[in-house]
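Descriptive analysis of the structure
Single-letter residue listing:
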Amino acid sequence: MSPRSDPEFFDAKYRADPDPWNFDTDWYEIRKRTLLLAMLPHPHYRAALEPGCANGHITTELARRCDHVTATDIAPRAVELTRARCRQQPNVDVRNWGLGRMWHWERIFDLVLLSEVAYYLPTDALTLAIEDMAAHLRPHTTVVLSHWRHTEKDHHLDGDEATGIALAALPHRSVARYVDDDVRIEVVTTVP
């Protein structure tokens, strides 16, 4: 198993540093979070799914705009950190699960946020994961793809490649788009 999809790799990062990507202080992370939340087309959602929740920075913001948030991560320590961050938000459910694993959610989501997660899967696995997800989403579900655009040694794909693959596998209509040198954010709605 490559470190890109190994839960132990990510768990070790969070055990060594509860904020390994500097979500608290890095301007890229703060700005990206602000942009993607501002780009959501609706002020309120019934149920959101956030695979790759990391330590819960976006999760806490989603909880303010959603009746229910299911936040997931493959790293057990990230799950613990998100639970701690969201302990005052009873509408947040945090679970150990990752994009690319079998879809088993009974809840109907009207928002899915894939932020900084799709490029950890190789092309074929990402295509299958998005096709599986799409088969379980109703029309008019908001899906947000937000990714760092640079090549990293721990990523199978860069952000543009991952976003392109996800969009090709997801029947959608574009709602909003933002691109700069560092980040690409695509907001779409699913179509039948």
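What you are looking at is a predicted structure, and each value in this text was computed from that prediction instead of being measured.

It is worth spelling out the layout of surface pockets at this point. Counted as a void, the largest pocket has a volume near 880 Å³. As for the largest pocket, its lining consists of 41 residues, and the residues nearest its centre are Phe10, Trp21, Glu116, Val117 and Tyr120. Elements with a minimum of two residues in the lining of the largest pocket: α1 (7-16), α2 (27-38) and α3 (57-65). Each residue belonging to the lining of the largest pocket can be placed in one class, and the counts come to 19 nonpolar, nine polar and 13 charged.

A few words now on the pairing of strand β2 (residues 66-73). A regular strand places its side chains on the two faces of the sheet in alternate fashion. For β2, a buried count of seven out of eight residues is recorded, marking the element as mostly surrounded by other parts of the structure. With six bridges connecting them, strand β1 (residues 45-51) and β2 associate as parallel partners. When the bridges of β2 are listed, Leu49 appears paired with Thr70. After leaving β1, the chain enters α3 and then returns to the sheet as β2, a path that is right-handed. By the bridge criterion, five bridges tie β2 to strand β3 (residues 92-96) in an arrangement that is parallel. Within the sheet, the bridge partner assigned to Val69 lies in β3 and is Val92. Once the chain exits β2 it traverses helix α4 (residues 76-85) before rejoining the sheet at β3, and the crossover so formed is right-handed.

With that settled, consider the side chain of His57. Relative to the assigned elements, His57 resides in helix α3. Note on His57: relative accessible area 10%, which makes it buried. Among the polar contacts listed, one links the side chain of His57 to the side chain of Asp24, at a separation of 2.5 Å. There is a polar contact of 2.7 Å between the side chain of His57 and the side chain of Asn55. Setting aside residues up to four positions removed in sequence, His57 forms contacts with Phe23, Asp24, Arg33 and Arg85.

Each value, and the rule that gives it
- Residue positions within a chain follow its written sequence, with the count starting from 1.
- Per-residue local features are limited, in this predicted model, to residues with pLDDT of at least 70; the limit for side-chain atom pairs, both in listing and counting, is 80 or more; totals at the level of whole chains, interfaces and linings are taken over all residues.
- For the side-chain quantities, the full set of heavy atoms in the structure was used; hydrogens and water were omitted.
- Note on definitions: the grid is 1 Å and covers protein atoms alone; a cavity is a set of points where a 1.4 Å probe fits but cannot get out; a pocket is an open set with protein on both sides within 12 Å along at least five of seven lines; lining residues have an atom within 4 Å of a point.
- Grid points are joined across faces, edges and corners, and a volume is the space filled by probe spheres set on the points.
- Going along the chain from the N terminus, every DSSP run of H or I of four or more residues is numbered as a helix, and every run of E of two or more is numbered as a strand.
- Only Asp, Glu, Lys and Arg are considered charged in this grouping, and only Ala, Val, Leu, Ile, Met, Phe, Trp, Tyr, Cys and Pro are considered nonpolar; every other residue, Gly among them, is considered polar.
- The classification of residues rests on relative accessible area computed with a 1.4 Å probe and restricted to protein chains. Under 20% of the type maximum is buried, over 50% is exposed, and intermediate values are partly exposed.
- Think of it this way: DSSP has to see at least two bridges between two strands before they count as a pair.
- We call a crossover right-handed when, viewed with both strands directed away from the observer, the connection leading from the first strand over the helix to the second proceeds clockwise.
- Within 3.5 Å is the distance limit for a polar contact, defined as a pair of N or O atoms, with the added protein rule that one can donate a hydrogen and the other accept it, and that residues adjacent in sequence qualify only through two side-chain atoms.
- Should any heavy atoms of two residues lie within 4.5 Å, those residues are considered in contact.

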